[in-house]
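Listed below, chain by chain, are the residues.
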Amino acid sequence: LLSAASNSVSATISTVKFSTYVFGLFGGALIGLLIALQLTLTDKRVRSMSQLSKRFEARALLGVVSPEPASIQHVAAAIVARAHSLSLTSVALVPADEQTSTQLFVEQIHAVTTPLGVTITSLTPISLITAGDLVSSKSGMIVLASRGVSHTQDIVDTWSVLEHSDKPVLGVILSDSAI
């Protein structure tokens, strides 16, 4: 019922030149590089402070919080210094997006800053905050962003909302998602 036919038109290739392998290697590397470049350029998530330094002045970048205890101390020192320079005793953290959690971070930083004269609280994410909550708060504001989660434009938009609400904005903190 079934039949198979085989027609040989030319000789079968038994070896491949080294230059063919080199061409394939360079072609594959070029395609891989272009894909990586495209992903890097289109991904607007914040992964480092250097990305934020393009949008904010250096004084506004308060630091990166990681699971290491020293990072909490360093960011706390920056918060207290900025708060004292603006004559503030209360600071509120405002998440730039709904995925950024403040609970554990606020507890850790509050324990360090309270003896230094600055209390830390947290507000709801900027997309959920009401005009009443924003106007009634007498605290200075800090934008909190999560590394690899928050988008640059969300951070800029949060800063803009706080600034247009006539709130003193101390700066931006970038936290690891592990915090």
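The structure this text deals with has already been given above.
No experiment lies behind these values; they were computed from the predicted model shown.

Caption draft 1: Local environment of the side chain of Ser 137. With respect to the secondary-structure elements, Ser 137 resides in the loop between α5 (131-136) and β4 (140-146). Ser 137 gets classed as buried once you look at its relative accessible area, which sits at 11%. Among the polar contacts made by the side chain of Ser 137, one reaches the main-chain amide nitrogen of Ser 139 at a distance of 3.4 Å.

Caption draft 2: Focus on the pattern of salt bridges. For the structure on display, the rule yields one salt bridge. One salt bridge in this structure joins Arg 147 and Asp 176, with 3.3 Å as the shortest N-O distance. A residue pair is termed long-range when its members are at least 10 positions apart, and Arg 147 in the loop between β4 and α6 (152-164) and Asp 176 in the segment after β5 (169-175) qualify at 29 residues. Judged by relative accessible area, which is 32%, Arg 147 ranks as partly exposed.

Caption draft 3: Representation of the environment of Gln 51. Tracing the backbone shows Gln 51 in helix α2 (residues 49-53). C-alpha of Gln 51 to C-alpha of Thr 152: the two residues are 101 residues apart in sequence and 8.1 Å apart in space. There is a polar contact of 3.4 Å between the side chain of Gln 51 and the backbone oxygen of Arg 45.

What counts, and where the lines are drawn
Residues numbered from 1 in each chain as written. Predicted model: local features only at pLDDT ≥ 70, side-chain atom pairs only at ≥ 80, totals over all residues. Heavy atoms only, no water. Helix = DSSP H or I, 4+ residues; strand = E, 2+ residues; numbered from the N terminus. Buried < 20%, exposed > 50% of the residue type's maximum accessible area, 1.4 Å probe, protein only. Polar contact = N/O pair within 3.5 Å; in protein donor to acceptor, adjacent residues only side chain to side chain. Salt bridge = Lys/Arg side-chain N within 4 Å of Asp/Glu carboxyl O.

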